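Remarks on the overall topology
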Amino acid sequence: MTSRFTRLIAVGAAITVAPALGFAQQAATTVVTPAFDFSGVVFGSYGYRTDSAAKAGLGGSNPNSFSLDRAYLTFKMPAGDNGAIRITTDVYQNTNSAQNSYYSGWLVRIKYAYLQYTGLKNTFGDGSSLLGRIGVLHTVVIDHEEGFWPRYLNQTALEKNGFFSSADAGVAGLLTLGNKWGEIYGTITNGPGYSSYEKDRFKDFAGRVSLTPLAHDKDMNAILKTFTISPWAYKGWVASSFAAGGAGQVGPGTNGAITDGMQHDRYGVFVGLKERRLTGGAEWAERKDGGEHGANTTASPRTTFDSTGSLVDGFVVARPFEWFNAAQKSPVSIVGRFDHFTPNTSPTAAAYAGSTPAYNFWVLGASYDLNQKITLALDWQETTGTSFPTATGTNIRATPTNSSIFLHFQATF
């Protein structure tokens, strides 16, 4: 009986333990699928030109068109411990008439595509980290400003006025400061931007410091807690037209290759607030560019010159109905923006003697949220020129004016 009882106990124990052992073995060999994040944003408009110059080209009729401005599709996935990959595709319409015979309709290109590694978590205070990126990534400040300005209405002032592109190929580092003090971001990039190939041997260096000095104050007003100040600088170079030592040089007396880079510098400061009831920003920026004249020959030697452009801009996006009752969410927003851009603060061309041409850009409108993901906006946008001299013959054009009414839409998912 004792022997039989022992055998029964052993069999019972085996039956009881076997499922647990099988489960443990299965758990040990199960491969956990990494989290995959797919999101996107689509925005476009219906535009109706109202300025006289546009109508003149159509016998007095107003040009108008439907446009899908952008479709950004973003894929994110972990790449091992503390690693991640992001790819954002940019779907856009080809408007280059020279390429339409080969690439008609809509094209897809990379906006962002980089590997990211995050380390030193909480080393510099609660919530701090240091991450590195390599690939096609955000440039120094445009993406930061797009966190304040609604991109679907128009580009930020820096990008719109050609300071630099919103993305480029290179490496970057982002230090998030602890205790909600802000961040420090630095990049080394090719320079031409994500829509172009690398055109020369030079690299551009840029850095930004974004501080939120009121964010950690628990007694501060909710809007003021979002106050951000972001000084930034961009140091770059572009190659001479004669860098190849023969390209563009015609006739005897060729003076040889010009291998030095020409100045391509930008710097500025952006301040902003970002709260549901009130979002706004203001900016001052300058750009300094080197240029050259001549054919780099004995008869026409190469000469260099520098030009300085300046930009001042500001915008406001507000939900006025929520000012009276913040608990009652309103789908209505109003938006206003003004840019003043001077391409050259000291023009030397004889046609512009005594004048400094500049451009003013206005946006006025209102938006309505159909739901949490879809927004419609009715807005007026106008570009006008200031301090342009009177047009004479074909030397200089009349003061430029471009005015349009838009119905914009944006959908995110």
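About the cut-offs
- Residues numbered from 1 in each chain as written.
- Predicted model: local features only at pLDDT ≥ 70, side-chain atom pairs only at ≥ 80, totals over all residues.
- Heavy atoms only, no water.
- Helix = DSSP H or I, 4+ residues; strand = E, 2+ residues; numbered from the N terminus.
- Buried < 20%, exposed > 50% of the residue type's maximum accessible area, 1.4 Å probe, protein only.
- Contact = heavy atoms within 4.5 Å.
- Areas by Shrake-Rupley, 256 points an atom, 1.4 Å probe, with all protein chains shown as cover.
- Salt bridge = Lys/Arg side-chain N within 4 Å of Asp/Glu carboxyl O.
- Core = buried A, V, L, I, M, F, W, Y, C linked by side-chain atoms within 4.5 Å.
- pLDDT = per-residue confidence, 0-100.
- 1 Å grid on protein atoms, 1.4 Å probe; cavity = no way out; pocket = protein on both sides within 12 Å on 5 of 7 lines; lining within 4 Å.
- Points joined across faces, edges and corners; volume = space filled by probe spheres on them.
- Nonpolar A, V, L, I, M, F, W, Y, C, P; charged D, E, K, R; others polar.
- Phe/Tyr/Trp six-rings, centres within 6.5 Å; stacked < 30°, edge-to-face > 60°.
- Lys NZ or Arg CZ within 6 Å of the ring centre and 35° of its normal.

**Description of the overall build of the protein chain**
- Check the secondary structure of the protein chain and you find five helices and 17 strands.
- Put simply, the protein chain has 413 residues, and 38% of those count as buried.
- Pairs at least 24 apart in sequence give 60% of the contacts found in the protein chain among residues at least 6 apart.
- Surface exposure of the protein chain reaches about 22500 Å², of which carbon and sulfur atoms provide 61%.

**Details of the pattern of salt bridges**
- One pass over the structure, following the stated rule, counts 14 salt bridges.
- Between arginine 109 and aspartate 90 there is a salt bridge whose closest N-O contact spans 3.0 Å. Placement of the pair is arginine 109 in strand 4 (residues 106-119) and aspartate 90 in strand 3 (residues 83-93), with a sequence separation of 19 residues.
- In this structure, arginine 277 and glutamate 275 form a salt bridge, with 3.1 Å as the shortest nitrogen-oxygen distance. Of the two residues examined, arginine 277 and glutamate 275, each falls in the buried class.

**Concerning the nonpolar core**
- Formed by 14 residues in total, the largest nonpolar core has its most connected members in Phe43, Trp149, Tyr152, Leu153, Phe315 and Val335.
- Within the residue set of this core, elements represented by two or more residues are strand 1 (37-49), strand 13 (303-318) and strand 15 (358-369).
- Aside from chain neighbours lying at most four places away, what touches valine 335 is Trp149, Leu153, Val316, Val317, Val363, Leu364, Gly365 and Ala366.
- Counting residues in hydrophobic clusters, the runner-up holds 13 residues, among them Val140, Ala157, Leu158 and Ala206.

**Details of the confidence of the model for the protein chain**
- In this model, the protein chain carries a mean pLDDT of 87, and residues with pLDDT of at least 70 account for 85%.
- A low-confidence stretch, residues 4-31 stays under pLDDT 50, and its non-local contacts, those more than four residues away or across chains, total zero contacts.

**Structural notes on the layout of surface pockets**
- In this model, the largest pocket occupies a volume close to 1100 Å³.
- Residue lining of the largest pocket: 46 residues in total, with Pro150, Arg151, Tyr152, Gln410 and Thr412 positioned closest to the centre.
- If one sorts the elements of the lining of the largest pocket by residue count, strand 1 sits on top with five residues.
- In the lining of the largest pocket, the residues fall into 17 nonpolar, 16 polar and 13 charged.

**With respect to the packing of aromatic side chains**
- Evaluation of the coordinates by the stated rule reveals 15 aromatic pairs.
- Taken together, a centroid distance of 4.7 Å and an interplanar angle of 45 degrees make the contact between tyrosine 46 and phenylalanine 66 tilted. In this pair, tyrosine 46 is assigned in strand 1 and phenylalanine 66 in strand 2 (residues 64-78), connecting sequence segments 20 residues apart.
- Here the aromatic cluster, defined as three or more aromatic residues joined through ring pairs, consists of Phe36, Phe38, Phe75 and Phe413.
- Geometry around phenylalanine 361 places lysine 160 over its ring, the cationic atom sitting 4.2 Å from the centre.

**A closer look at the environment of alanine 285**
- Positionally, alanine 285 belongs in strand 12 (residues 278-293).
- Alanine 285 sits 17 residues away from glycine 268 along the chain, and the two C-alpha atoms are 4.0 Å apart.
- Ignoring anything within four residues of it in the chain, the contact list for alanine 285 reads Leu158, Phe163, Trp232, Tyr267, Gly268, Gly309, Ser310 and Leu311.

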